[in-house]
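# Residue-level structure breakdown
Next come the chains, spelled out residue by residue.
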Amino acid sequence: MIRAFDTHKVRTVKELTGQLWQFTPCQGEHAGQSYTVATPSCWETYPDFGNYRGEGIYRTTFRGNGNLRLECKGISHTATLRLDGQEIAKHYNAYTIFDVIMTDVPEGIHTLEITADNRFSEESALHIPNDYKSYGGISRPVVLEQLSNLYIRQILVTPLHENGIWSTQISLIIKNITPSSQKCSAKLTIHDREIIWNDLELAPQEQRLLTGLLTFEQVEEWSMETPRLYYVNAVLEQNGAAVDDMIDRFGFRIVDIDDKHILINEKAVRIKGFCRHEDHPQFGCALPFAAMAADLDIIKHLGANSVRTSHYPNDELFLDLCDEQGILVWEENHARGLSLQNMQNPHFEPQAEQVIREMIPAHYNHPCIYIWGILNECASETEYGKECYAKQLSLIKELDQSRPHSFASCKFKTDLCLGLPDVVSYNIYPKWYHDSPVDSYLEDLYQWIQTTGGKGKPFLITEIGAGGIYGYRNPYHSKWTEEYQAEALKNQLHGVLENENCCGVYIWQFCDIRVEEEWFGCRPRTMNNKGIVDEYRRSKLSYDVVKKILSSYGNYF
Ligand code: ADA
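Right, let's walk through the structure included here. Note that the structure is a prediction, hence the values are computed from the model and not measured.

The next subject is the site of the ligand. In the vicinity of the ligand, 13 residues are found, and the nearest of them are D131, H311, E377, Y433 and E463. A distance of 2.5 Å separates an oxygen atom of the ligand from a polar side-chain atom of E377. Classifying every residue of the shell around the ligand gives 3 nonpolar, 4 polar and 6 charged.

Following this line, the structure appears as structure tokens:
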């Protein structure tokens, strides 16, 4: 399953994953041997490859000809693509979509090779040994599309609501992929409205931006309670015949902030969420649809209304599910805990910027995303770091003025960047990493934030939690027991949710996850054990405690 809906009716789309490919590791004791594996998948789930760090070549064949578009939704973490032995694309980062256009492909059977590489090196500034695993493999779908002479590259729909009237600002990008000029017309439809652009002529290889505004009399809003989705359908025609199309979904909802709250359609929402890694003992980071849906069932059952995609852009199919179920999403670019030295790696800024430039257009239309985050717990206590934060936050605003932005800090009273984001967000661990009383710790931090650029901004706790090893229980409730975790979370959640200065909370974290031995080998089980459920989604004692507390608070202030 690629998406929760068909994104094309005219353009033919064929998923190349969702079947067996050949896999050949390039290093290690099995180098050069060929295996038959299901895709999408991570090689850490194959026998003998549980800890393989290196390159792996995935191979498949397909019949095709003419103009083709290949889209990779996620190759972890560095990809090199070859068609019939010729390199056609390279891409860094496991969590963002990339594509390659191949023109005039001769008729026949073609061989596609995708080399995935999950090694750490100076060239990889974002995938580094960390408190989550950089898996290896084809972790999200690979799709082959048949194109004509022109195609639709992107549709962005920005809902507007003024004087009680809903409208949508449209931007449509089309491209001529031939060496000759092409005449065409374009039509875009939403609900009972349409825009037509006639008599277009695109020069060879020209990319054209088409814009427009549609106004509506009667539409239903998207909200957590009534997540009403609408389709946007764009078609390109040449000589009266449809030659390409694109379908996407969006919702009529507006995100705003005031000096204390995040507002969805002018209602102050109380964020009650979980930080969630894409991680599973059976699938690595390549969770199939049913596993994603099962995670969301648990999250809803726990009384939560939001997910933070810690610490990278998520699979768009997961976002489709959040759209359909009214679950708010904080999505963030890919970074966790990068030090000043990490941020001074010359590859850091271009790689972090690339993730933002790929994440926002690809996920722009999802109504569930209410905020963009960057650079979780990076060096925001340094002047150099502040320059990086400022550049990336302004890039987000350049790409999307319809949503607030933020970043999750762990720098307590040393952060230099709180004047930059729309929403001030902190990761705090009273009762875990330090024994401070939650209430006074939180109030002390909030008062300091008022003096250092955070005044007049919503204040969000983006992480709070404690470790609890599944099955470890004792009458002393010692640290790492399930009892200790439940008591700490009870204390922490009441402290945050009863604080009138906080607009909400994300619990760290939804489930236990694998961590890199290279750095977090000290963690028990080489796992981050702060999940409310363990890696197999088995409830810990904190599950019922968290459910009771979250369920006792409504979605709005
Ligand atoms: C940080 C970090 C998380 C995780 C957490 C923890 O806040 O953002 O990714 O590492 O600490 O478990 O300590």
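Here the narrative resumes, following the displayed structure.
Mapped onto the elements of the fold, D244 is located in strand 18 (residues 241-250). In this structure the side chain of D244 is engaged in a polar contact, spanning 2.8 Å, whose partner is the backbone nitrogen of I152. Ignoring anything within four residues of it in the chain, the contact list for D244 reads V10, R11, L147, L150, Y151, I152, A234, V235 and L236.

On to the nonpolar core, then. Counting residues in hydrophobic clusters, the biggest one holds 104 residues, and the most contacted among them are F274, Y370, Y426, F459 and I461. Ignoring any residue separated from it by four or fewer positions in sequence, one finds Y370 in contact with V255, I262, I264, I271, S306, L328, V329, W330, R403, P404, L460 and Y506. Membership of the second largest hydrophobic core comes to 28 residues, among which are L16, V37, L70 and V142.

The next thing to look at is helix 5 (residues 383-399). Over its 17 residues, helix 5 extends 25 Å from the first C-alpha to the last, a length consistent with the 24 Å expected when each residue adds 1.5 Å. When helix 5 is considered as a whole, its buried residues turn out to be G385, C388, Y389, Q392, L393, L395 and I396. Viewed along the axis of helix 5, the buried residues span an arc of 155 degrees, placing them on a single side of the element. Set apart from the buried face of helix 5 by more than 90 degrees, the exposed residues are E383 and E398. Its buried side turned inward, helix 5 meets helix 3 (340-343), helix 4 (348-363), strand 25 (369-374) and strand 26 (405-409).

With respect to the element layout, R523 can be found in the loop between helix 8 (517-520) and strand 31 (527-528). Within the structure, the side chain of R523 is placed 3.3 Å from the side chain of Y433, a separation counted as a polar contact. Those residues in contact with R523, other than ones at most four positions away along the chain, are D131, Y433, V515, N528 and K530.

For the rest of this paragraph, the subject is the packing of helix 6 (residues 438-450) against helix 7 (residues 482-497). Between helix 6 and helix 7, the least distance of the axes is 9 Å, while the angle of their chain directions is 40 degrees. Classified by the interaxial angle, the pair formed by helix 6 and helix 7 is oblique. Classified by chirality, the crossing of helix 7 by helix 6 is right-handed. Contact residues: V438, D439 and L442 in helix 6; N491, Q492, G495 and V496 in helix 7.

Within this structure, the stated rule accounts for 0 disulfides. The closest cysteine sulfur to the non-disulfide-bonded C26 is located on C42, 17 Å from its own sulfur. Given the relative accessible area of 30%, C26 is considered partly exposed. C275 forms no disulfide, and the closest cysteine sulfur to it belongs to C511, at a distance of 11 Å. Overall, the relative accessible area of 0% leaves C275 in the buried class.

A few words now on the packing of helix 7 against helix 9 (residues 542-551). The interhelical angle for the contact between helix 7 and helix 9, taken along N-to-C directions, is 15 degrees, at an axis separation of 9 Å. On the basis of the axis angle, helix 7 is roughly parallel to helix 9. Where helix 7 crosses over helix 9, the two elements pack in a sense that is right-handed. Residues Q485, A486, L489, K490, L493, H494 and L497 of helix 7 form the contact with helix 9, whose own contacting residues are S542, V545, V546, I549 and L550. Considered class by class, the residues forming the contact of helix 7 with helix 9 number 8 nonpolar, 3 polar and 1 charged.

A few words now on unusual backbone geometry. A cis amide bond, omega -5 degrees, links S76 with the succeeding residue H77. Within the secondary structure, H77 sits in the loop between strand 6 (75-76) and strand 7 (78-83). Put simply, S310 and H311 share a cis peptide bond, and its omega is -5 degrees. Relative to the elements of secondary structure, H311 occurs in the loop between strand 23 (306-308) and helix 2 (316-325). The phi dihedral of L375 falls on the positive side, at around 45 degrees, and the residue is not glycine. You can see L375 is positioned in the loop between strand 25 and helix 5.

The rules we used
- Residues numbered from 1 in each chain as written.
- Predicted model: local features only at pLDDT ≥ 70, side-chain atom pairs only at ≥ 80, totals over all residues.
- Heavy atoms only, no water.
- Near = heavy atom within 4 Å.
- Polar contact = N/O pair within 3.5 Å; in protein donor to acceptor, adjacent residues only side chain to side chain.
- Nonpolar A, V, L, I, M, F, W, Y, C, P; charged D, E, K, R; others polar.
- Helix = DSSP H or I, 4+ residues; strand = E, 2+ residues; numbered from the N terminus.
- Contact = heavy atoms within 4.5 Å.
- Core = buried A, V, L, I, M, F, W, Y, C linked by side-chain atoms within 4.5 Å.
- Buried < 20%, exposed > 50% of the residue type's maximum accessible area, 1.4 Å probe, protein only.
- Expected span 1.5 Å × (residues − 1).
- Arc of directions from axis to C-beta.
- Axes fitted to C-alpha atoms, helices over the stretch in contact; angles between N-to-C directions.
- Parallel < 35°, antiparallel > 145°, perpendicular 65-115°, else oblique.
- Left-handed = near helix turned anticlockwise from the far one by under 90°.
- Disulfide = S-S within 2.5 Å.

Geometry only, nothing functional implied.
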